[in-house]
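Chain by chain, the residues run as shown.
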Amino acid sequence: MKVIVTSDYEQLSQQAARAVYNHISKHHSLNLGLATGSTPLGLYKELIQLHHANRLPLADLKTFNLDEYVGLSPQSPYSYRYYMNTHVFEPLGIPLEQTYIPRGDVGHLQQECDRYDRLIQQHGGIDVQILGVGVNGHIGFNEPGTSFNQHTHVVQLAPSTIEANAKHFPSKDEVPTQAITMGIASIMQAKHIYLLASGEKKAKAIQELLSSDVVTEQWPVTVLREHPQVTVMIDESIAQSVQDKVGVMNDR
Ligand code: GLP
């Protein structure tokens, strides 16, 4: 596991964007796994700027998102599809038919989960996966206690996740209580994973990942210790609490 410490969120976003830019430049038909939430917004903004300065080859790029809220249509301004179209796909000019996100507004949710897993397999799997992390250590929407063996599935959101994500909705009552998420098993199949975390609220989850030797379903993010190709990008505010471990993890 490689740990990169940046001075602040802006630098973290720039370095993450540069990494994604380099992957796409080298491998035009990349399958890129994308995340939502506030954390990757800076990465996306920087990537758009890099693309405008020096055009990326996007004709063969495919993107696969981690998750979507159950019950929201793609047109809902609170859906992850809407978020991705607005913040990423439209500004970069990626044709929407090259972008995949589970549908949360279908009648048969399990069929949708299976369809999504097949889709990822049919395209040869995810090459590069971007991840944020929840305050409780969730990745995608894999809440504490989720089995590491699961592929795409329906989850009940934890009260702390609903609380944390309420900032994106008019009120807490409007946050959906369920979501479809790629499972830990799906995420672990990605060839290279970048985990981005910024701000003290994420310190505990990053401590569990870097400072504890335990891999536990109670802290889903800890599963990344078992992946051969992970880059963890954190800013100073988090690094202070895991400083003694940063050098050690970099050597592994
Ligand atoms: C949501 C998303 C996760 C994301 C997390 C953290 O729950 N499903 O993929 O990592 O939020 O969000 P933020 O970056 O806003 O803290």
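Every value quoted in this text rests on a predicted model; they were computed, and no experiment measured them. (Residues numbered from 1 in each chain as written. Predicted model: local features only at pLDDT ≥ 70, side-chain atom pairs only at ≥ 80, totals over all residues. Heavy atoms only, no water.)

Break down the packing of helix α1 (residues 9–26) against helix α2 (residues 41–53) for me, with residues and values.
At a minimum axis distance of 8 Å, the contact between α1 and α2 shows a crossing angle of 55°. Between α1 and α2, the angle falls in the class oblique. Of the two elements, α1 crosses α2, and the hand of that crossing is right-handed. Of the residues in α2, those in contact with Tyr9, Ser13, Gln14, Ala16, Ala17, Arg18, Val20 and Tyr21 of α1 are Leu41, Gly42, Leu43, Glu46, Leu47, Leu50 and His51. (Axes fitted to C-alpha atoms, helices over the stretch in contact; angles between N-to-C directions. Helix = DSSP H or I, 4+ residues; strand = E, 2+ residues; numbered from the N terminus. Parallel < 35°, antiparallel > 145°, perpendicular 65-115°, else oblique. Left-handed = near helix turned anticlockwise from the far one by under 90°. Contact = heavy atoms within 4.5 Å.)

Can you lay out the site of the ligand for me, pointing to particular residues and giving the numbers?
In the vicinity of the ligand, 13 residues are found, and the nearest of them are Ser38, Thr39, Asp67, His138 and Lys202. One nitrogen or oxygen atom from the side chain of Thr39 is found 2.5 Å from an oxygen atom belonging to the ligand. For the ligand, a nitrogen atom lies 2.8 Å from a polar atom in the side chain of Asp67. Across the complex, the protein chains shield 94% of the 390 Å² of accessible surface that the ligand would expose by itself. Grouping the amino acids of the shell around the ligand by side-chain chemistry returns three nonpolar, seven polar and three charged. (Near = heavy atom within 4 Å. Polar contact = N/O pair within 3.5 Å; in protein donor to acceptor, adjacent residues only side chain to side chain. Areas by Shrake-Rupley, 256 points an atom, 1.4 Å probe, with all protein chains shown as cover. Nonpolar A, V, L, I, M, F, W, Y, C, P; charged D, E, K, R; others polar.)

Go over the pattern of salt bridges, please, and point to the residues and values.
By the definition in use, this model includes six salt bridges. A salt bridge links Lys172 to Glu163; the shortest N-O distance between them is 3.3 Å. Here Lys172 falls in the partly exposed class, since its relative accessible area comes to 44%. Given the relative accessible area of 48%, Glu163 is considered partly exposed. Across the salt bridge formed by Lys204 and Glu208, the nearest N and O atoms sit 2.7 Å from each other. Of this pair, Lys204 and Glu208 are both found in helix α7 (residues 203–210), four residues apart, which corresponds to roughly one turn of the helix. When its relative accessible area of 14% is taken as the criterion, Glu208 is described as buried. (Salt bridge = Lys/Arg side-chain N within 4 Å of Asp/Glu carboxyl O. Buried < 20%, exposed > 50% of the residue type's maximum accessible area, 1.4 Å probe, protein only.)

Kindly report on the nonpolar core, identifying the contributing residues and their values.
Counting residues in hydrophobic clusters, the biggest one holds 35 residues, and the most contacted among them are Ile139, Leu195, Ile206, Leu224 and Ile234. For this core, the elements supplying multiple residues, two or more each, are α4 (109–122), α6 (184–188), β9 (192–197), α7, β10 (230–235) and α8 (236–239). Per-element tally for this core: the top contributor is α7, with four residues. Once residues lying within four places of it in the same chain are set aside, the contact partners of Ile234 are Val3, Ile4, Val5, Thr6, Leu12, Ala197, Ile206, Leu210, Ala239 and Val242. Core analysis: the second largest hydrophobic core is formed by 31 residues, Leu47, Leu56, Val128 and Ile130 among them. (Core = buried A, V, L, I, M, F, W, Y, C linked by side-chain atoms within 4.5 Å.)

Could you give an account of the sheet that holds strand β7 (residues 153–156), naming the residues involved and the relevant values?
An order of β4-β8-β7 is seen for the three strands of this open sheet, with the pairing classed as antiparallel. At either end of the open sheet lies a strand with only one pairing partner, and these are β4 (67–69) and β7. Taken pair by pair, the neighbouring strands of this sheet meet at an average axis angle of 25°, ignoring direction. Strand direction decides the pairing type here: β7 and strand β8 (residues 178–181), joined by four bridges, are antiparallel. (Pairing = 2+ DSSP bridges.)

So what's going on with the pairing of strand β3 (residues 62–65)? Residues and values would help.
Bridge count between strand β2 (residues 31–34) and β3: four bridges; the pairing is parallel. Its bridge partner lying in β3, Asn31 is registered against Lys62. In the classification by handedness, the crossover that spans β2, the intervening α2 and the parallel β3 is right-handed. Bridging between β3 and strand β5 (residues 99–100) involves two bridges; their strand directions are parallel. (Right-handed = clockwise from strand over helix to strand, strands pointing away.)

Requested: an account of the environment of Val155, with residues and values cited.
Mapped onto the secondary structure, Val155 falls in strand β7. For Val155, a relative accessible area of 7% gives the class buried. It is 9.5 Å that separates the C-alpha atoms of Val155 and Tyr69, two residues lying 86 residues apart in sequence. The residues touching Val155, leaving out its near neighbours within four places in the chain, are Phe141, Thr177, Gln178, Ala179 and Thr181.

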